[in-house]
Amino acid sequence: MARRKQTPVPRAWDKLSETEQAKARRAIITTVRDALQRSPHTVLELRNRVPVEMKGAFPVVLRSLLHAGEIASLGHSVYAAVPWMPQTSAVRGDVTADLIIGVLSTERRAGANAGELAGDLFIPVSQVRAALSALEAAGLIYEPKEPGQYRMLSRRMATEVRQGASGRVFADVRHA
């Protein structure tokens, strides 16, 4: 009699041992990072790349990547890698902070204080100061020698911000 080949079966996260959870976490994170490095993908495309026996762990690991700020949901079940964000910070939208980063990344406005930024952006100085504090705490900007004159922490990051969405590829989410 021929032996049947055992087919891998997905198991829920809480049914995996600690060793199996660690193995699944590593495999899924690597798979998701590799896929999203190339372009955004739907959640089902990402899940299909995961070995069958780890599919039960997929939602838990994907949620941890989302909460860590490494990936973001673009809507319509599409996920993308998040550039420049520390892995321990959740992704949050802050228009004031985004505008400040945009202004500070321009070469003509590499250093600016809260009052100048508020005037340029038509945003109250109190909101600009709060956003500057948050950006400094996140390690994205700093005050060089002159107090209150903020700059981007990295020239490379400023260049990436200036380039905007050019060269980035977004998945077509239309239904066929």
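Anything mentioned here points back to the structure above.
First things first, this report covers the structure right here in the doc.

1. Re helix 3 (residues 58-68)
Phase 1 of the analysis: Listing the buried residues of helix 3 in full gives Phe-58, Val-61, Leu-62, Leu-65 and Ala-68. All buried residues of helix 3 lie within an arc of 125° about the axis, which places them on one face of the element.
Phase 2 of the analysis: At its buried positions, helix 3 is contacted by helix 1 (18-38), helix 2 (43-48), strand 2 (71-75) and strand 3 (78-81).
Phase 3 of the analysis: Positive phi appears at Gly-69, one or two residues downstream of helix 3, with a value of about 90°.

2. Considerations on the environment of Leu-44
Phase 1 of the analysis: Topologically, Leu-44 is positioned in helix 2.
Phase 2 of the analysis: Look at Leu-44 and you get exposed, because its relative accessible area is 57%.
Phase 3 of the analysis: On a C-alpha basis, the gap between Leu-44 and Ser-77 in space is 8.1 Å, while along the polypeptide they are 33 residues apart.

3. Here's the deal with the sheet that holds strand 2
Phase 1 of the analysis: A sheet is described by the order of its strands in space; here three strands give the open sequence 1-3-2, paired in antiparallel fashion. One side of each edge strand has no neighbouring strand; the edge strands of this open sheet are strand 1 (41-42) and strand 2.
Phase 2 of the analysis: Together, strand 1, strand 2 and strand 3 form the strand contacts of helix 1, whose direction differs from that of strand 3 by roughly 90°.
Phase 3 of the analysis: Sheet strands in contact with helix 3 are strand 2 and strand 3, and its direction is about 95° off that of strand 2.

What counts and how
- Residues numbered from 1 in each chain as written.
- Predicted model: local features only at pLDDT ≥ 70, side-chain atom pairs only at ≥ 80, totals over all residues.
- Heavy atoms only, no water.
- Buried < 20%, exposed > 50% of the residue type's maximum accessible area, 1.4 Å probe, protein only.
- Helix = DSSP H or I, 4+ residues; strand = E, 2+ residues; numbered from the N terminus.
- Arc of directions from axis to C-beta.
- Contact = heavy atoms within 4.5 Å.
- Pairing = 2+ DSSP bridges.
- Axes fitted to C-alpha atoms, helices over the stretch in contact; angles between N-to-C directions.

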